[in-house]
Amino acid sequence: MSISKEQVTDVAIVEDNAALGAGLRKIVESAEDFRCLGVWTSAEEALKKIDAFRPQVVLMDINLPGMSGIEATARIKHHLPELQVIMVTVYRDHDQIFAALKAGASGYLLKRSTPEEVRQAVRDVRSGGAPMSAEIARRVVEAFHQPIKSPEAESVKLSKRETEILEHLTKGLANKEIADRLDISVETVRVHLRRVYEKLHVHSRTEAAMKFRDSKEDKRGPL
């Protein structure tokens, strides 16, 4: 069955190791529904080219020479909040990975991941998922229980639909699941989330959910 242009996911790779970059390119190009827009060897090069190429998913090395992959992710998500970033790392450095998620990354992959795991991770983030280990997922959940003062969230005026989407987001639902619950398209969910990110001044689903949950706790007051 042929793949239409709309079904193809444009992927860019940011990796300073030539062999690893070539390996990831080969994996991406082996899938009929992916297209590799390029392999960039530094965060600085990626930031210069990303606006012109406009990939939908970026595979970002977490440890890059010069600017780190974490800082690059934060800058990219500030400029292009709909772009999905998957961090790629040699080992499970949980602190770095969690910092990357807070910066706006949608998930992470180990460099020893199989080709199918890489392809599945890209498909997961495109459908609203977040590929990560159970331990990192647990840390994300624990972060919801940390008191974070968010005066911006209290004063922001969210629409009824944006509030509904955030309610589902705090329950861990992916974009497709939210779309199904609200009987709207996945693209509509993405549009609303982009507006929410702008209103709350955040760059990721995790940050948006944390701010929204915290503002609800503040309004509810102490038990």
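Scope of this entry: the structure provided in the associated data block.

Reading guide: rules and limits
Residues numbered from 1 in each chain as written. Predicted model: local features only at pLDDT ≥ 70, side-chain atom pairs only at ≥ 80, totals over all residues. Heavy atoms only, no water. Salt bridge = Lys/Arg side-chain N within 4 Å of Asp/Glu carboxyl O. Helix = DSSP H or I, 4+ residues; strand = E, 2+ residues; numbered from the N terminus. Buried < 20%, exposed > 50% of the residue type's maximum accessible area, 1.4 Å probe, protein only. 1 Å grid on protein atoms, 1.4 Å probe; cavity = no way out; pocket = protein on both sides within 12 Å on 5 of 7 lines; lining within 4 Å. Points joined across faces, edges and corners; volume = space filled by probe spheres on them. Nonpolar A, V, L, I, M, F, W, Y, C, P; charged D, E, K, R; others polar. Pairing = 2+ DSSP bridges. Right-handed = clockwise from strand over helix to strand, strands pointing away. Core = buried A, V, L, I, M, F, W, Y, C linked by side-chain atoms within 4.5 Å. Contact = heavy atoms within 4.5 Å.

### Some points on the pattern of salt bridges
Close approach of charged atoms allows side chains of opposite charge to pair. Applying the stated rule across the entire model yields 14 salt bridges. One salt bridge in this structure joins aspartate 61 and lysine 111, with 3.3 Å as the shortest N-O distance. In this pair, aspartate 61 sits in strand β3 (residues 57-61) while lysine 111 sits in the loop between β5 (107-110) and α5 (115-126), placing the two residues 50 residues apart along the sequence. The class of lysine 111 is partly exposed, set by a relative accessible area of 24%. Ionic pairing is found between glutamate 162 and lysine 199, a salt bridge with its closest N-O pair at 2.8 Å. Of the two residues, glutamate 162 is situated in helix α8 (residues 160-170) and lysine 199 in helix α10 (residues 186-200); the sequence distance between them amounts to 37 residues. Connected through salt bridges with shared partners, the residues Asp33, Glu116, Arg119 and Arg123 form a single ionic network.

### So, the layout of surface pockets
There is about 240 Å³ of room inside the second largest pocket. Taken together, 13 residues line the second largest pocket, and the ones lying closest to its centre are Tyr108, Leu109, Leu110, Ser113 and Glu117. In terms of residue count, α5 provides more of the lining of the second largest pocket than any other element does, four residues in total. Considered class by class, the residues forming the lining of the second largest pocket number six nonpolar, three polar and four charged.

### Considering the pairing of strand β2 (residues 34-40)
Most of β2 is tucked away: five of the seven residues are buried. Alignment of strand β1 (residues 9-14) against β2, held across six bridges, turns out to be parallel. The residue bridging threonine 9 from the neighbouring strand is phenylalanine 34, located in β2. Between the parallel elements β1 and β2, the chain passes through helix α1 (residues 18-29) in a crossover that is right-handed.

### Some details on the nonpolar core
Core analysis: the largest hydrophobic core is formed by 25 residues, its most contacted members being Val14, Ile50, Val58, Met60, Leu83 and Met87. Looking at this core, the element that brings in the most residues is helix α4 (residues 94-103), giving four residues. Residue contacts for methionine 60: discarding those within four places in its chain leaves Val14, Gly69, Ala72, Thr73, Ile76, Val85, Ile86, Met87 and Val88. Grouped together as the second largest cluster of nonpolar side chains are 17 residues, Val11, Cys36, Leu109 and Ala121 included.

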